[in-house]
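Observations on chain architecture
The chain contents come next:
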Amino acid sequence: MTPEDGAALADAPDRAADGRVPAAATELGATVVSAAASLSDAATREWDDYVLRHPRGSLYHTARWVRFAGEVFAFDQRYWMARDAAGRLVGLLPFVRQRSVLFGARWVSLPFVNYGGPLGDSAPIEEALIRAAAAAQRGYRTALEIRDTVPGRPAYCRTDKVSMLRDLPDSAELLGKQLGAKLRSQIRRADREGPTVVVGGHELADEFYKVFAEVMRDLGTPVYPAKFFRQLLRDVGTDCDVVVVRLQGQPAAAALLTHFRGVTEVPWAASRRAFRATSVNMRLYWECLSLAIQRRSQRFDFGRSTKDAGTYAFKAQWGAMPTPLYWYYPLLPRDAGAAGDSRVANALRRAWTRLPIGIANRVGPAISPGLPW
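First, a word on what this report is: a plain description of the structure on this page. Predicted, not measured: the structure shown is a model, and the values here were computed from it.

1. A closer look at the nonpolar core
Counting 58 residues, the largest nonpolar core has W65, F228, F229, L256 and W268 as its most contacted members. The element best represented in this core is helix 7 (residues 205-219), accounting for eight residues. Counting residues in each nonpolar core, the second largest holds 32 residues, with A253, A255, W318 and A320 among its members.

See the structure below:
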């Protein structure tokens, strides 16, 4: 049991008796915080305009991403908003309610990705949004998790995860020089196998998923359903690319990239074990970085890693630097400490790796949407 799994014996009802989200508002001077279960077209534009203006606004804060993250698995969404005395939007905090037979219900900002949390005109407004969301769950067995980049929130916090980021030069040629001869040699190793690299969108979803699902089984992790990626590429596709490296006519490595406000991120990438000796994973990341430069991104986000783990070292060799992630649990005591038993989690992962790929890919998609990955 981890803090996010067992967390929270928390606050007020998910919905009022008539099905509406409760208005339980809190006031901060002239600022009022309230929640909505959905946004009108006008409110969606207002919400997204605010995300684009805010220095910490991410693709995942946008209304279309929150809507996608909820609708793909029929999970509820909640949009907390802070307004000043003139009715102007001065802060927001999105949530999606995950449901799991194993772990119960949990409101997360935001599930499936590394970034979420409140955006506000000031720190007091952001804290008021968190307090309002927590108060809306008091007394109910619903966890509250906020995946943030801001330190020092008044809540129990996990700090074992980091994002790995590197700035990008103006050209792939400059990037190659920065990476050095040894890394360039590893990238070129795959050329001996005559790789084919393709970049596209939804038409590559099945090839991406074939690679990703196999690797998730190998890692001991139940894989997301294929519909997650298909709907993502349909609903958010203008800000996404799929990169596939084929060897011997088969997809050997693949990645799904997002692009937003000058940052390219690789939330999901995988290379098949059968092709690892060819350094196809190195070629994949080179292609992803090159594509980000073509897209004129200024920064590349290699995604989340546990400090000093194998993936951390792999990303660091590309020049990526760690940026702390803060996962808050407002409904746990600030001094709660770790409640997890890693031995149980590791045993479950080892058991999963022994499942035949066909069974893993049938069972995994049924349970993965509610898991706290």
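The discussion continues.
2. Describing the packing of helix 3 (residues 63-71) against helix 8 (residues 226-235)
Angle between the axes and distance between the axes: these two values describe a pair of packed helices. With their axes 10 Å apart at the nearest point, helix 3 and helix 8 run at an angle of 155 degrees to one another. The angle between the axes of helix 3 and helix 8 places the two elements in the roughly antiparallel class. Crossing handedness for the pair helix 3 and helix 8: right-handed. Residues R64, W65, F68 and E71 of helix 3 lie in contact with helix 8, whose contacting residues are F228, Q231, L232 and D235. Class assignment of the residues belonging to the contact of helix 3 with helix 8 gives a composition of four nonpolar, one polar and three charged.

3. Describing helix 8
An α-helix turns once every 3.6 residues. As a result, residues three or four positions apart point the same way. Taken as a whole, helix 8 has its buried residues at A226, F228, F229, Q231, L232 and L233. Tucked inside the fold, the buried residues of helix 8 contact helix 3, helix 7, strand 13 (240-247), strand 14 (250-260) and strand 15 (263-271).

4. Description of the sheet that holds strand 12 (residues 196-200)
The strand order 12-13-14-15-16-11-17 describes an open sheet built from seven strands, whose pairing is mixed. Looking at strand neighbours, the two that pair on one side only are strand 12 and strand 17 (321-324), the edges of this open sheet. Between one strand and the next, the sheet's axes are offset by a mean angle of 30 degrees, whatever the strand orientation.

5. Looking at the packing of helix 5 (residues 172-179) against helix 9 (residues 280-294)
Where helix 5 meets helix 9, the closest approach of the two axes is 10 Å, and the angle between their N-to-C directions is 135 degrees. One way to sum up the angle between helix 5 and helix 9 is to call them oblique. Crossing handedness for the pair helix 5 and helix 9: right-handed. Contacts between helix 5 and helix 9 involve A172, L175, G176 and L179 from the former and W286, L289, S290 and I293 from the latter. By residue class, the composition of the contact of helix 5 with helix 9 is six nonpolar, two polar and no charged.

6. A closer look at the pattern of salt bridges
As enumerated under the stated definition, the model contains 21 salt bridges in all. Residue R83 pairs with E46 through a salt bridge whose shortest N-O separation is 2.8 Å. Placement of the pair is R83 in strand 4 (residues 77-83) and E46 in helix 2 (residues 41-53), with a sequence separation of 37 residues. One salt bridge connects D167 with R299, and the closest N-O pair in it is separated by 3.3 Å. On the criterion of sequence distance, the pair formed by D167 in strand 11 (residues 161-167) and R299 in strand 16 (residues 299-306) is long-range, its members being 132 residues apart. The structure contains a network of salt bridges with shared partners spanning R56, E126, D148 and R153.

7. Notes on the side chain of S305
Looking at the secondary structure, you find S305 in strand 16. Of the polar contacts made by the side chain of S305, one reaches the side chain of T311; its length is 3.3 Å. Residues contacting S305, with those up to four places away along its chain left out, are D160, K161, V162, M164, T311, Y312 and K315.

8. A few points about unusual backbone geometry
The omega torsion of the bond from S109 to L110 falls at 5 degrees, within 30 degrees of zero and hence cis. Its location among the elements puts L110 in the loop between strand 6 (104-109) and strand 7 (119-120). In the Ramachandran plot, F112 falls in the positive-phi region, its phi being about 75 degrees despite a non-glycine side chain. Tracing the backbone shows F112 in the loop between strand 6 and strand 7. The phi torsion at R261 lies on the positive side, around 50 degrees, for a residue other than glycine. Within the secondary structure, R261 is located in the loop between strand 14 and strand 15. Overall, R261 belongs to the partly exposed group, its relative accessible area being 37%.

9. Here we look at helix 5
Turning to helix 5, its buried residues are L175, G176 and L179. Seen along its axis, helix 5 keeps its buried residues to an arc of 100 degrees; they face one direction. The exposed residues of helix 5 that point more than 90 degrees off its buried face are E173 and K177. Looking at the buried positions of helix 5, the neighbouring elements they touch are strand 11, helix 6 (181-189) and helix 9.

Definitions and cut-offs
Residues numbered from 1 in each chain as written. Predicted model: local features only at pLDDT ≥ 70, side-chain atom pairs only at ≥ 80, totals over all residues. Heavy atoms only, no water. Core = buried A, V, L, I, M, F, W, Y, C linked by side-chain atoms within 4.5 Å. Buried < 20%, exposed > 50% of the residue type's maximum accessible area, 1.4 Å probe, protein only. Helix = DSSP H or I, 4+ residues; strand = E, 2+ residues; numbered from the N terminus. Axes fitted to C-alpha atoms, helices over the stretch in contact; angles between N-to-C directions. Parallel < 35°, antiparallel > 145°, perpendicular 65-115°, else oblique. Left-handed = near helix turned anticlockwise from the far one by under 90°. Contact = heavy atoms within 4.5 Å. Nonpolar A, V, L, I, M, F, W, Y, C, P; charged D, E, K, R; others polar. Pairing = 2+ DSSP bridges. Salt bridge = Lys/Arg side-chain N within 4 Å of Asp/Glu carboxyl O. Polar contact = N/O pair within 3.5 Å; in protein donor to acceptor, adjacent residues only side chain to side chain. Arc of directions from axis to C-beta.

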